[in-house]
Amino acid sequence: MRKSILLFVLFALLNIPLMLFAQSGYKVKGHVVSAEDNEPMVGVSILEKGTTNGVITDIDGNYTLEIKGTASATLLFSYIGMQSQAHAVSAKTGTLNVRLVSDAALIDEVVVVAYGTRKKGTIAGAVSTVKAEKMENVPTAGFDQSLQGQTPGLTVISNSGEPSKAAVFQLRGTNSINSGTSPLFILDGTPISSADFNTISPGDIESISVLKDASSTSIYGARAANGVVVITSKRGLAIDKAKVTLRAQWGISQLASNDKWVVMNTPERIQFEKEIGLYTGQDYDLLSRTNVNWLDEVFNDRAPLQSYELSVNRATDRLNYYVSGGFYDQEGIAQSSSFRRYNMRANAEVKASNWLKVGTNTMMAYEEISQAEEGEPALYTPISGSRFMLPYWNPYNADGSLASENDGTWTGTGQNPIEWMTNNPVSYKKYKLLSTVFAEITPIQNLTIRGQFGADYSHSTAFMQSFPSYIINNNSGKAGRSSSDILSLSETLTANYRWALNDDHSFNFLLGQEGIDYQSSGFQVSTQGQNNDRLTNLLTGTRATSWPDSNSAYSYLSFFFRGEYNYKDLYYAEVAARTDASSRFGADHRWGMFWSLGFMWNIKNEAFLKDIEWLTSAQVKLSTGTSGNSEIPYYDHLALVSGDANYNDEAGIYPSQSGNEELSWEQTWANNVGVSFGLYNRVNVNVDFYHKKTTNMLMLVPQSYAITGVGNRWDNIGAMMNRGVEIAIDGDVIRTKDFTWNLSANVSYNKNKLLELYNGVEEYVNSTTGLKYVVGHSVREYFMNRYAGVNPANGDALWYTADGELTTEFREEDKVMTGKSFDSPWVGGFGTSLMWKGLSLSAQFSWMAKRYVMNNDRFFEESNGLYSAYNQSKRLLYDRWKKPGDITDIPRYGVTAQLDDRFLENSSFLRLKNLTLAYAFPQSLLKKTNFFTSARVYLQGQNLLTWTGFTGLDPEVATNVYRAQYPASRQFTLGIDVSF
Amino acid sequence: MIKKFKLYILLAAMAFSAASCLDKMPEDGIPFDESIQTVDDVNLAVIGIYDAFKSSALYSGNLTILPDLQADLVYGVNGNTNTFGDIWRWKDILATNTSIEAVYAGLYNVINCCNFMLDRVDRVRNNTTDDKDLDKLDQCCGEAYFARAIAYSELVKMFCKAYESDEDAANQLV
């Protein structure tokens, strides 16, 4: 790609010099090859030094240059990505063959920042970039999972194995108690919601920049306190002709880990029932003939996945386009879980005249989705029910049909979860259109005025049915439909002026204005009374049971400024300011002001370091500034009366919220110190330290019910701190012509501390979540009773009192702060890639450490009496206290489990996120086809291996409780990429 | 220069039009001050009070069922999924119990609905001249006073400490 950029530039430059002068001279000819593979190089520029006389090599790497008017000249050979060479020539030279050596470090890599792009190594902010290669072929619906472990400071947790659900993001710690903690996502200049990640084909993404510190994010002002993730879609890059790329992938998904299944099988269950005296009326001869592993019944171990993508791109000096279409189809591993997407994209940019450029980035997607029920401990939903169903209840009959309650073939208590799911289908459809158009005018040199308009529209529908023939419906079915439309319009105007003063001082000013207007409306209708399975829709019902609708809107208006200064590529300074108004606050408090300052010292360019060979680059960065957060419900500042009260079929009104017109922005002040350096042209190291303080936190502050009838209200209160360090290293261990071995690793540590709560209160128990906010502690620390095990003498459960004494009583006052939180302080990843000729092997690992999760599933499975009618953990059978002297952690039967810290588990993990083995066919072979320009096949495994001490099915949990969660899946895929 | 000038005008126009877009109101809510203006509005608020009593935490739920459970008017069976298990076992009732909190919240919600109406009824009464309407307002107020009283009496019953003498009771109710 980079080669092609240069080609483009060269073509433009060399048009004129190709004219011949009618003077006598001499010719120099030769052949240019790459030192790496001895292949001829096309398009290498050869220029006579000090003149405009030059040529480029032809398709076989040959060139002929005529030199006139001088006896000896110097030829400069240059090619992007290669070290330039200079050779003296004279009339005697005749033939000059050249081998060009690659130099990765010489490439001017471009980094996408807020409202623009910058050359890598010229920015003062902390920015990490993830390139297309990491995402193009991920076997997932969205790009989100592929970011895990790639960027220091960014926590990405795929909280659900549902193919259509997005991962949960967090950057540099938790910055708020109740307001949003997810970064702001910007796609091609328009903000998008994480719910839309699955509408964007990962193959259409060119790069993702993660903006972390104040200097890079403050220009996004009010929404930037949790960091900003800037996503850029692909544009045309192929020069000589349009490039067509086809990507296809086929594979299967299965459970990422199934060795954690701990519930009893039939013999164990029967023995357990006998031991606890639940055997009345049981025919064990009959029951022992059935032994079902519900995990295998509910989860598919070869759910198919297929993905196809076709794209065309081209760049000329006037027009630049990228057009793609894709189809992605993935079955989830759980029942009734699937995702299918049809998507297309057209990105184009036209240089209409030498002062006007117009363009668009437009994508459309249509999705068909079904999602498995998860997260609630229900007996009738498959994921949750699989843990509760007894092993001698078979969901299927001998002939393979569903065991049904209708005909009595289902022998279990309650519903057969698989039958329930089949009789209560829900299907979703989503239509997405995201389009931006822009115009860029250059009225005078160095001044660019850009206007961009974006429309982000989505329409989602759901259709749910419950069939009348299903016996529990009593021949009265249900149907429901919902529809929602969301339109978010955004408009951005920027003026950018570049200005240089006698080569030493250069300035870049940006002035901008932005507006966002979001509106959504939706409704849902449910009816009941259908009595025909094939006519179960809204109309066939006999009465409506619910008909909620909702409309909401918010808007932002912003003005911003950025000034950049650079002295001789040595000192860089940046100042940015933004003012934002949000409709979520009252008129007197809606404007917020945010600013940042950044400095960068490019020490390598100082005279005293210039000659040190081993130090390839060295930079020191400093930044400070503020950004805001207003992620609260849209209307909560208003005192409102609602009308959905209904008594005796008469509608009434009631005060629904008391509002707070004083409500305003939450503000985070962030400071960053960073050092980055390159050694021996091989190794790059980047270290960042940061300290952030959030004040005026938006919190649902508890208040007496006696005041307004509700238990809390939004207010700006208190303060919180996040402090941490991030280190990223990457380097080529071996770099030879045929063999490259690259290693990269990153690690980050974050410490979160609550500094102040509301009204001088020092602590607040967060109701039933097992959490407590205490000043001086992490805001996500667990507050629990400490379990002390079992008294070997009598099998009683023991706990520690708050003072550390043993007690047999489970008391509220013995709860203590555990020092364990569900925000992982340590997050990291590492990867390696080996390349030998066309063969490459790459592995990407990600890990999190010191993260704790309440395993609620285990509370049900080890209930020790509360849920004995349903299946229980094998541990209850084998490990519970049975006779005096038994040393164990499960009390005697009947001493029921409590939600104490015995279920608080360390969910740290190390995961082999992706392993890819690929083979790229050599150019020599492809040339013979006279058609293909590149071809690659690969085998890929996603979530191949997981190491964790967590006893649940999957350690990736984004919240404080692990309960009936859809576990992550593992994918094996085979893929091909070809282009011509 | 003219171009710049035009840009400023454009910016200003945009800023102005966008600023008015910053006042967003939901379609399913009306501001407090505009909600009760007529006798009919007062009546609607009374219906809202009755609706508040329909809360599943009050007479059709927790308020009546929790004491029954505690009084052992139920049988605990195998197969129960621990619904209300904490209440039935007595000893597991914690300060953070949400079933009990919901009763407290539900009753105060009734009181809040009553106060909301009673705080605004005088303004309506001052603008009302028709005798029938005034009678209607009295009727509405009466219902609201009664609703509030019954909610308070339940609160006293449920959440005040036991007392033995009148003086004792006065202290507990503070």
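Residues numbered from 1 in each chain as written. Chains lettered and ligands numbered in written order. Predicted model: local features only at pLDDT ≥ 70, side-chain atom pairs only at ≥ 80, totals over all residues. Heavy atoms only, no water.

A. Structural view of the pairing of strand S23 (residues 447–466) of chain A. Residues and elements named next belong to chain A. As defined by bridge partners, strand S22 (residues 426–441) adjoins S23 across 16 bridges and the pair is classed as antiparallel. Across the sheet, the residue bridging to tyrosine 431 is histidine 459, located in S23. Where S23 meets strand S24 (residues 477–501), 20 bridges bridge the pair, whose relative direction is antiparallel. Along S24, the bridge assignment pairs glutamine 452 with threonine 492. (Pairing = 2+ DSSP bridges. Helix = DSSP H or I, 4+ residues; strand = E, 2+ residues; numbered from the N terminus.)

B. Representation of the pattern of salt bridges in the model. All names here are of chain A. Tallying each qualifying case throughout the model produces 54 salt bridges over all chains. The residue glutamate 309 makes a salt bridge to arginine 247 at a minimum N-O spacing of 3.5 Å. Here the residue glutamate 309 occupies a position in strand S18 (residues 303–315), and arginine 247 occupies one in strand S17 (residues 243–255), the gap between them amounting to 62 residues. For arginine 247, a relative accessible area of 10% translates into the label buried. A salt bridge links glutamate 268 to lysine 874; the nearest nitrogen and oxygen atoms lie 3.0 Å apart. Within this pair, whereas glutamate 268 is found in helix H3 (residues 266–276), its partner lysine 874 is found in helix H11 (residues 874–878), the two being separated by 606 residues in sequence. Residue class for lysine 874 comes out partly exposed when judged on its relative accessible area of 26%. What you see here is one network of salt bridges that share partners, running through Glu136, Lys234, Arg247, Glu309, Arg936 and Asp977. (Salt bridge = Lys/Arg side-chain N within 4 Å of Asp/Glu carboxyl O. Buried < 20%, exposed > 50% of the residue type's maximum accessible area, 1.4 Å probe, protein only.)

C. Examining helix H7 (residues 131–159) of chain B more closely. All names here are of chain B. Over its 29 residues, H7 extends 41 Å from the first C-alpha to the last, a length consistent with the 42 Å expected when each residue adds 1.5 Å. Within the sequence span of H7, burial applies to Leu137, Cys140, Cys141, Ala144, Ala147, Ala151, Glu154 and Leu155. Tucked inside the fold, the buried residues of H7 contact helix H3 (39–53), helix H4 (62–70) and helix H6 (98–126). Between the side-chain oxygen of the N-cap and the backbone nitrogen of lysine 132 there are 3.2 Å, and the N-cap of H7 in question is aspartate 130. (Expected span 1.5 Å × (residues − 1). Contact = heavy atoms within 4.5 Å. Polar contact = N/O pair within 3.5 Å; in protein donor to acceptor, adjacent residues only side chain to side chain.)

D. Representation of a nonpolar patch on the surface in the model. All names here are of chain A. A cluster of nonpolar side chains, namely Trp250, Leu834, Trp836, Leu839, Leu841, Leu917, Tyr919, Phe921, Leu925, Val937, Leu939 and Leu974, defines an oily patch on the protein surface of about 1,000 Å² accessible area. Within the residue set of the nonpolar patch, elements represented by two or more residues are strand S44 (826–836), strand S45 (839–849), strand S48 (909–920) and strand S49 (934–948). By the element assignment, leucine 841 lies in strand S45. Overall, the relative accessible area of 34% leaves leucine 841 in the partly exposed class. (Patch = residues over 30% accessible without salt bridge, like charges linked within 9 Å, V, L, I, M, F, W, Y side chains within 5 Å. Areas by Shrake-Rupley, 256 points an atom, 1.4 Å probe, with all protein chains shown as cover.)

E. Structural view of the sheet that holds strand S2 (residues 45–48) of chain A. All names here are of chain A. The strand order S3-S2-S5-S6 describes an open sheet built from four strands, whose pairing is antiparallel. Looking at which strands have only one partner, the edges of the open sheet turn out to be strand S3 (54–56) and strand S6 (85–90). Averaged over neighbouring strand pairs, the angle between their axes works out to 20 degrees when direction is ignored. Strand direction decides the pairing type here: S2 and S3, joined by three bridges, are antiparallel. Within S3, the position partnered with leucine 47 by the bridge is glycine 54. (Axes fitted to C-alpha atoms, helices over the stretch in contact; angles between N-to-C directions.)

F. Region of interest: the nonpolar core. Grouped together as the largest cluster of nonpolar side chains are 44 residues, with contacts concentrated most on Trp294, Phe299, Trp393, Tyr782 and Phe859 of chain A. Listed in part, the 37 residues of the second largest apolar core include Ile653 of chain A together with Cys140, Ala144 and Leu155 of chain B. (Core = buried A, V, L, I, M, F, W, Y, C linked by side-chain atoms within 4.5 Å.)

G. Expanded view of the side chain of serine 311 of chain A. Residues and elements named next belong to chain A. Here serine 311 is to be found in strand S18. Its relative accessible area of 4% is what places serine 311 among the buried residues. Once residues within four sequence positions are removed from consideration, serine 311 is found in contact with Lys243, Val244, Thr245, Tyr322, Val323 and Ser324.

H. Summary view of the environment of glutamate 606 of chain A. Residue and element names in this part refer to chain A. Among the structural elements, glutamate 606 can be located in the loop between strand S29 (591–601) and helix H8 (607–610). Taking the C-alpha atoms as reference points, glutamate 606 and tyrosine 571, 35 residues apart in sequence, are found 9.9 Å from one another. Once you skip the residues sitting within four places of it in the chain, glutamate 606 turns out to touch Leu570, Tyr571 and Trp601. Separated by 3.0 Å, the side chains of glutamate 606 and tyrosine 571 make a polar contact.

I. Focus on the side chain of arginine 387 of chain A. Note on placement: arginine 387 of chain A falls in helix H6 (residues 382–388). Reaching out from arginine 387 of chain A, the side chain makes a polar contact with the side chain of glutamate 861 of chain A at a distance of 2.3 Å.

J. Focus on empty space enclosed by the protein. Residues and elements named next belong to chain A. Under the criterion given, the structure shown has seven cavities of 30 Å³ or more. Estimated volume of the largest cavity: approximately 210 Å³. Looking at the largest cavity, it is lined by 21 residues, and the ones nearest its centre are Thr140, Gln145, Glu162, Pro163 and Lys165. Its residues assigned to classes, the lining of the largest cavity shows six nonpolar, 12 polar and three charged. What the second largest cavity holds in volume is close to 140 Å³. For the second largest cavity, the lining is made up of 19 residues, of which Glu136, Ser201, Ser307, Glu309 and Tyr328 are closest to its centre. Among the elements of the structure, S17, S18, strand S19 (319–331) and strand S20 (338–353) are those that each provide at least two residues to the lining of the second largest cavity. Per-class residue counts for the lining of the second largest cavity are seven nonpolar, eight polar and four charged. (1 Å grid on protein atoms, 1.4 Å probe; cavity = no way out; pocket = protein on both sides within 12 Å on 5 of 7 lines; lining within 4 Å. Points joined across faces, edges and corners; volume = space filled by probe spheres on them. Nonpolar A, V, L, I, M, F, W, Y, C, P; charged D, E, K, R; others polar.)

K. Local environment of the sheet that holds strand S46 (residues 852–855) of chain A. With respect to topology, three strands assemble into an open sheet ordered S47-S46-S50 (chain A), the strand pairing being mixed. Edge positions in the open sheet fall to strand S47 (904–906) and strand S50 (961–962) of chain A, since each of these has one partner strand only.

L. Structural detail: the interface of chain B and chain A. In this assembly, 47 residues from chain B lie in contact with 49 residues from chain A. Together, the buried faces of chain B and chain A total about 4,200 Å²; carbon and sulfur atoms form 66% of this surface. In terms of surface lost to chain A, no three residues of chain B exceed Leu22, Lys24 and Phe32 of chain B, which account for 17% of the buried area on that side. Taken together, the links from chain B to chain A amount to two salt bridges. Lysine 24 of chain B serves as the salt-bridge partner of aspartate 517 of chain A, at 2.8 Å between the closest nitrogen and oxygen. Where chain B meets chain A, there are 11 residue pairs in polar contact (both at pLDDT 80 or more). Looking at the side of chain B that touches chain A, the elements with two or more residues in it are helix H1 (2–20), strand S1 (30–31), helix H2 (32–35), H3 and H6 of chain B. The element contributing the most residues to the side of chain B that touches chain A is H6 of chain B, with nine residues. Residues that form the side of chain B that touches chain A fall into these classes: 23 nonpolar, 13 polar and 11 charged. (Buried area = accessible area lost by both parts, 1.4 Å probe.)

M. Region of interest: the confidence of the model for chain B. Residues and elements named next belong to chain B. Chain-level statistics for chain B give a pLDDT mean of 84 and a share of 84% at 70 or above. Across chain B, the element-wise mean pLDDT spans from 58 in H1 up to 94 in H3. Complex prediction metrics read pTM 0.85 and ipTM 0.86. (pLDDT = per-residue confidence, 0-100.)

N. A look at unusual backbone geometry. Residue and element names in this part refer to chain A. Here the phi dihedral of asparagine 474 falls at roughly 55 degrees; this positive angle occurs in a residue that is not glycine. Position of asparagine 474 among the secondary structure elements: in the loop between S23 and S24. In this model, asparagine 475 sits at a positive phi of 55 degrees, which is unusual for a non-glycine residue. By secondary structure assignment, the location of asparagine 475 is in the loop between S23 and S24.

O. Structural view of the environment of asparagine 696 of chain A. All names here are of chain A. Structurally, the position occupied by asparagine 696 is in strand S34 (residues 683–702). Judged by relative accessible area, asparagine 696 falls into the partly exposed class, the value being 40%. Counting along the chain gives 269 residues from asparagine 696 to glutamine 965, while the straight-line C-alpha distance between them is 34 Å. Among residues more than four places away in sequence, those in contact with asparagine 696 are Trp665, Glu666, Asn716, Ile717 and Gly718.

P. Seen up close, the confidence of the model for chain A. Residues and elements named next belong to chain A. In the predicted model, chain A carries a mean pLDDT of 88, and 96% of its residues have values of at least 70. When mean pLDDT is taken per element in chain A, S23 scores highest with 95 and helix H1 (residues 2–14) scores lowest with 43. Low pLDDT (under 50) marks residues 1–23, which in the prediction has 35 contacts with non-local residues, meaning those over four places away or in another chain.

Q. Spotlight on the packing of aromatic side chains. Residue and element names in this part refer to chain A. Following the criterion strictly, the structure yields 55 aromatic pairs over all chains and no others. Judged by centre distance (6.2 Å) and plane angle (90 degrees), the ring pair of tryptophan 294 and tryptophan 410 falls under edge-to-face. In this pair, tryptophan 294 is assigned in helix H5 (residues 294–298) and tryptophan 410 in the loop between H6 and helix H7 (417–423), connecting sequence segments 116 residues apart. An angle of 75 degrees between the planes, with centres 6.3 Å apart, marks the rings of tyrosine 758 and tyrosine 764 as edge-to-face. Accessibility expressed as a relative area gives 8% for tyrosine 758, which makes it buried. A network of ring pairs unites the aromatic residues Trp250, Tyr308, Phe327, Tyr342, Tyr366 and Tyr431 as a single cluster. The ring centre of tyrosine 556 lies 5.1 Å from the NZ or CZ of arginine 223, which sits over that ring. (Phe/Tyr/Trp six-rings, centres within 6.5 Å; stacked < 30°, edge-to-face > 60°. Lys NZ or Arg CZ within 6 Å of the ring centre and 35° of its normal.)

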